[in-house]
Amino acid sequence: MALQSGRDIAPARGTLGVMLVGLGAVSTTFVAGVENVRRGSGLPIGSLSQMGTIRLGKRTEKRSPKIKEFVPLAELKDLVFAAWDPIPDDAYSAARKAGVLEPHHLEPIADFLKGLKPMPAAFDQSYVKRLHGTHVKSGKNKRDLAEQLRHDIRDFKQRSGADRLVMIWAASTEVFLTPGPAHQSLAAFEKAMEQNDPAIAPSMLYAYAALMENVPFANGAPNLTVDVPALERLAEERTLPIGGKDFKTGQTMMKTVLAPAFKARMLGLAGWYSTNILGNRDGEVLDDPESFKTKEESKLGVLEYILQPDQYPELYGNVFHKVRINYYPPRGDNKEGWDNIDIFGWLGYPMQIKVDFLCRDSILAAPIVLDLALFFDLAQRARLSGIQEWLSFYFKSPQTAPGLYPEHDLFIQQTKLKNTLRWLMGEEQITHLGIEYYEKA
Ligand SMILES: NC(=O)c1ccc[n+]([C@@H]2O[C@H](COP(=O)([O-])OP(=O)(O)OC[C@H]3O[C@@H](n4cnc5c(N)ncnc54)[C@H](O)[C@@H]3O)[C@@H](O)[C@H]2O)c1
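A few points on the structure. Since the model is a prediction, treat every value here as computed from it, not as a measurement. (Residues numbered from 1 in each chain as written. Predicted model: local features only at pLDDT ≥ 70, side-chain atom pairs only at ≥ 80, totals over all residues. Heavy atoms only, no water.)

This part is about the overall build of the protein chain. Each helix and strand in the protein chain was counted, giving 16 helices and 10 strands. What you see for the protein chain is a C-alpha radius of gyration of 22 Å, in line with the 22 Å of a compact globule of 441 residues. For the protein chain, the C-alpha atoms occupy an extent of roughly 65 × 50 × 50 Å along the three principal directions. Taking all 441 residues of the protein chain together, 55% fall into the buried category. Long-range contacts, defined here as pairs at least 24 residues apart, represent 76% of the contacts in the protein chain between residues at least 6 apart. Accessible area of the protein chain: about 19700 Å², with a carbon and sulfur share of 53%. Side chains of the protein chain give 52 positive and 53 negative charges; the mean places of these two sets differ by 3 Å. (Helix = DSSP H or I, 4+ residues; strand = E, 2+ residues; numbered from the N terminus. Rg over C-alpha atoms; globule rule 2.2 N^0.38 Å. Buried < 20%, exposed > 50% of the residue type's maximum accessible area, 1.4 Å probe, protein only. Contact = heavy atoms within 4.5 Å. Areas by Shrake-Rupley, 256 points an atom, 1.4 Å probe, with all protein chains shown as cover. Lys, Arg positive; Asp, Glu negative; His and termini not counted. Charge placed at Lys NZ, Arg CZ, Asp CG, Glu CD.)

So, on to the nonpolar core. What tends to happen in soluble globular proteins is that the nonpolar side chains get buried as a cluster. Residues Phe-30, Leu-79, Phe-375, Tyr-394 and Leu-421 are the most contacted members of the largest nonpolar core, which totals 63 residues. Per-element accounting of this core gives the leading share, 12 residues, to helix H15 (residues 361-381). Beyond its immediate chain neighbours, meaning those up to four positions away, Leu-421 contacts Ile-54, Ile-67, Phe-70, Val-71, Phe-375, Leu-378 and Trp-390. In this structure, Ala-121, Phe-156, Ala-162 and Ala-209 belong to the second largest nonpolar core, which totals 48 residues. (Core = buried A, V, L, I, M, F, W, Y, C linked by side-chain atoms within 4.5 Å.)

Most of strand S1 (residues 16-21) sits out of view: 6 of its 6 residues are buried. Judged by which residues are buried, S1 turns out to be covered on both faces: Leu-16, Val-18 and Leu-20 on one side and Gly-17, Met-19 and Val-21 on the other are all buried. Where S1 and strand S2 (residues 79-84) come together, 6 bridges link them in parallel fashion. Counted as the bridge partner of Leu-16 is Leu-79 from S2. (Pairing = 2+ DSSP bridges.)

Close to the ligand lie 33 residues; Val-26, Asp-85, Ala-171, Thr-249 and Arg-281 are nearest. Within the contact set of the ligand, an oxygen atom lies 3.2 Å away from a backbone nitrogen or oxygen of Asp-361. In isolation the ligand has 840 Å² of accessible area, and contact with the protein removes 98% of it. Secondary structure elements with two or more residues in the shell around the ligand: helix H1 (25-38), helix H9 (202-212), helix H12 (281-286) and H15. In terms of residue count, H15 provides more of the shell around the ligand than any other element does, 3 residues in total. Its residues assigned to classes, the shell around the ligand shows 18 nonpolar, 8 polar and 7 charged. (Near = heavy atom within 4 Å. Polar contact = N/O pair within 3.5 Å; in protein donor to acceptor, adjacent residues only side chain to side chain. Nonpolar A, V, L, I, M, F, W, Y, C, P; charged D, E, K, R; others polar.)

A word on the pattern of salt bridges. Considering all chains together, one arrives at 23 salt bridges under this definition. Between Glu-107 and Arg-96 there is a salt bridge, with the nearest N and O atoms lying 3.0 Å from each other. With Glu-107 in the loop between helix H5 (103-106) and helix H6 (110-114) and Arg-96 in helix H4 (residues 91-98), this pair connects stretches of sequence that are 11 residues apart. One salt bridge connects Arg-164 with Asp-377, and the closest N-O pair in it is separated by 2.7 Å. Of this pair, Arg-164 sits in strand S3 (residues 164-169) while Asp-377 sits in helix H15; the two residues are 213 residues apart in sequence, bridging distant segments of the chain. Take Arg-164 and Asp-377: they sit in the same class, and that class is buried. Taken together, the salt bridges that share partners define one network made up of Glu-147, Arg-150, Arg-154 and Glu-213. (Salt bridge = Lys/Arg side-chain N within 4 Å of Asp/Glu carboxyl O.)

Where helix H7 (residues 142-160) contacts helix H8 (residues 186-194), the axes come no closer than 5 Å and their chain directions differ by 105°. One way to sum up the angle between H7 and H8 is to call them roughly perpendicular. Two secondary-structure elements touch here, H7 through Lys-142, Arg-143 and Ala-146 and H8 through Glu-190, Met-193 and Glu-194. A breakdown of the residues in the contact of H7 with H8 according to their chemical character gives 2 nonpolar, no polar and 4 charged. (Axes fitted to C-alpha atoms, helices over the stretch in contact; angles between N-to-C directions. Parallel < 35°, antiparallel > 145°, perpendicular 65-115°, else oblique.)

What follows is about the sheet that holds strand S6 (residues 268-278). Spatial strand order, S7-S6-S8-S9: 4 strands in an open sheet with mixed pairing. The strands lining the two open edges of the sheet, one partner per strand, are strand S7 (320-327) and strand S9 (350-358). Taking the axes of each pair of neighbouring strands and ignoring which way they run, one obtains an average angle of 10° across the sheet. Pairing of strand S8 (residues 336-344) with S9 involves 9 bridges; the strand directions are antiparallel. Looking across to S9, one finds that Asp-339 is bridged to Val-355. Packing of helix H11 (residues 251-264) onto the sheet brings it into contact with S6, S7, S8 and S9, and relative to S6 it is tilted by some 170°.

So yeah, pure geometry; function would need other evidence.
What follows is the structure in structure tokens.
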């Protein structure tokens, strides 16, 4: 069945409230970055929605508008922010402690940042062992906490005058959970909240609260959260966009560029050893084996899906893949990610590639938060419901419809994203066939 192209998209009128779960390094770098861009003291580098263009029609037509001029996105001037965190620091103190942005990006906007104070969190230390939160909600059970979050959402909407909202999880990585009976239906999920079932993590309470308040939800960490049937169905029923998991930033972004190149050229892979040193709070949280397990699963999956060892057993049937994250305080947010890649070519001769990425975690993540906020809002105005696979571009471990494997190749993801924008706007898909330039009728 051909899907009709071109949707009626409600205009991006009024303000968009971005509700951030977690007000740590990523969130404060995002908020402070948006404010710097609004004041003309920086560029939104790394943001496809702000810097990117999109080709329309044939190459000879020379139509390549900016994405933000092609699709009706909220403008930066129309964003307002709210956050929850179990640590009571306002966005200014949190940004200072995170140590990502320098004083010349923080001091001129100090009053603005001090105005963003986190609401008390739905937090439980058993899900993030290395954190000691004091600024937390109490309630008679998990359902009661979810109701308090719903109240916060309504209250923020009223207080800020926001016309629309989106929620993004940019909080710590929770311990590893797998889907169980409590996640299979809404009734089971609600009962489990009432019974304080350990299967219901705090992140799920935020996702549930968002969906019940008709707010799209995106998950920037690898926790299970909204990747369960009960919440997927809730999103579909309410025509709400959801997505995750885990922002694709440094090492995994490089992996999803390099691995498709090896496969495209039919070069074999013997092993891929990835290690990181990281000294921010995220690094400290991930030092706990249970939180690391959640991250590890998210980071390990990509090669398997890209390389398809079942189809290419001689090339990828025996890959040794290892990922480590080492907490090393002196580096702060400036992570160093090393990759040693053992490949082999013609007749099996071995070769090596070394990648040493001296990156800045939150500098890479902040533009992703911005794009997700804007595209999830667009998706809601276009009445796209459930998992937004076209936004896999932003995630290490993209959610997909049941029965589909995730697409990890960064450039396939980019093509999918841009083709979805073309489709939404009633423009032709670009197939890159181009035979018409050579075979004249
Ligand atoms: N920076 C990157 O490149 C990147 C990439 C992928 C994923 N992530 C993920 O994004 C998340 C944020 O990273 P960060 O560097 O900002 O970490 P951070 O530790 O600086 O900030 C996370 C904040 O979340 C808060 N928090 C924890 N549990 C909470 C809860 N239940 N409710 C509300 N707040 C809660 C913490 O108190 C903390 O302030 C982490 O899960 C990280 O793994 C980051």
